[in-house]
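Below are the chains, spelled out letter by letter.
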Amino acid sequence: MDLKIKLQQLHQRVDSLKDQINTEEATKNAFVMPFIQILGYDIFNPTEVIPEFICDIGTKKGEKIDYVIKRDNEPIFIIECKHWKENADAHNSQLHRYYHVSRARFGVLTNGYIYNFYTDLEKPNIMDEKPFFTLDLNDLKDSSLKILENFTKTDYNLESILDSAEAMKYIKAIRKEFEREVSEPSDELVRLLVNKCYDKPLIASRMVTFREFTKRAITNSINDSISLRLKSALNINENIGKQPEPKSENNLDSNTEIPKYITTEDELEGFQIVKAILREKIMSDRIAFRDTQSYFGILLDDNNRKPLARLHFNSANKYIELFHNGKDLGEKILLNSLEDIYDQRENLHKTFENY
């Protein structure tokens with residue numbers, strides 16, 4: 001059976017049984033042992049899956065790791081388990097102690113939902129503080145499954161894992177730093193960008209202003225990139241199946257109709273936000289749009305008699321027109337930014353319910 005299907009079934013099992021699992025031992029038996037089995041290891045073979053493996057550390061005798069997984073009689077990774085209610089990120093010190101005496105190259109810390117994979121990229125035989133890879137049963141990504149395949153019994157590949165571990169670790173860390181900079185730009189980033197376009201000293205009193213400018217510039221850049229991709233996708237979908245029209249010898253002849261309006265990226269982004277909100281109530285294919293000279297209309301079932309909202313973005317101020325009080329009683333609301341559309345969730349839901 002496909003690895004993804006097996007993990008999805010395990011996720012359903014965890015969700016259905018978790019309220020009856022009251023101890024760490026029960027978490028191991030009900031959730032973690034099936035996970036080990038999914039990876040292809042024989043949980044009933046004590047030479048392959050060793051529970052309560054003794055890891056004597058200095059003068060501390062009888063220290064035990066929950067599981068050691070062996071291949072060709074060599075330990076390949078160790079697993080430390082916590083109760084499913086505990087944070088899987090908060091207990092790596094215990095795994096850290098066991099790691100170097102176990103002779104395994106990888107350590108796994110899990111609560112049955114989250115599986116954090118560690119190795120020793122920074123110092124040989126000393127486990128890194130942060131995992132290079134995390135598998136979350138609540139969010140099974142194809143990229144994560146591809147990495148996990150290297151840990152299965154049939155496809156275990158030490159070289160492949162180590163080759164990609166450093167990249168995974170630092171890409172994850174860099175992305176986290178980037179997302180932090182997007183939400184709250186640091187002084188270093190503000191100075192780096194502003195000094196390229198602002199020829200005066202960036203004094204402390206101006207830093208607050210330019211930090212906000214930087215944040216807005218980055219956010220707008222990301223949003224514009226997303227809108228451009230959405231627009232391209234919409235154009236592709238609209239053109240699928242259409243036969244190309246014969247070209248005139250001239251680029252424009254006397255019968256060519258010049259469009260009286262242009263659908264903007266802001267309108268498309270606003271449509272996607274409204275669509276995301278209404279997706280909580282209805283299938284996305286029932287939500288359509290029609291652009292006009294006066295407004296950008298968002299319709300239920302592509303029916304002009306069932307307006308869900310209208311975007312008025314053709315002037316200096318942007319408005320959304322809502323119909324929660326009836327389709328003939330549109331109410332215009334000023335938008336300071338496209339994000340303000342999310343504040344109209346209840347009104348958009350009420351509009352649909354009225355139909």
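Residues numbered from 1 in each chain as written. Predicted model: local features only at pLDDT ≥ 70, side-chain atom pairs only at ≥ 80, totals over all residues. Heavy atoms only, no water.

Participant: Give a description of helix α1 (residues 3-17) that names residues and reports values.
Facilitator: When the terminal C-alpha atoms of α1 are compared, their 21 Å separation across 15 residues agrees well with the 21 Å that a helix rising 1.5 Å per residue should span. Contacts made by the buried residues of α1 are with α2 (24-38) and α4 (142-149). Two to three positions downstream of the cap, the backbone nitrogen of K4 sits 2.9 Å from a side-chain oxygen, assigning the N-cap of α1 to D2. (Helix = DSSP H or I, 4+ residues; strand = E, 2+ residues; numbered from the N terminus. Expected span 1.5 Å × (residues − 1). Contact = heavy atoms within 4.5 Å. Polar contact = N/O pair within 3.5 Å; in protein donor to acceptor, adjacent residues only side chain to side chain.)

Participant: So what's going on with the packing of aromatic side chains? Residues and values would help.
Facilitator: Counted by the stated rule, this structure contains twelve aromatic pairs. With a centroid separation of 6.0 Å and an interplanar angle of 85 degrees, the aromatic rings of F77 and F151 are classed as edge-to-face. One end of the pair, F77, is in strand β3 (residues 74-81); the other, F151, is in the loop between α4 and α5 (158-183), and 74 residues separate them in sequence. The residues F77 and F151 share a single accessibility class, namely buried. (Phe/Tyr/Trp six-rings, centres within 6.5 Å; stacked < 30°, edge-to-face > 60°. Buried < 20%, exposed > 50% of the residue type's maximum accessible area, 1.4 Å probe, protein only.)

Participant: Tell me about the pattern of salt bridges, and name the residues and values.
Facilitator: The tally for this structure, following the rule as stated, stands at 19 salt bridges. One salt bridge connects E80 with K82, and the closest N-O pair in it is separated by 3.6 Å. The class of E80 is buried, set by a relative accessible area of 2%. Under the relative-accessibility criterion, K82 is labelled buried at 8%. Through salt bridges that share partners, E25, K28, E52 and D66 make up one connected network. (Salt bridge = Lys/Arg side-chain N within 4 Å of Asp/Glu carboxyl O.)

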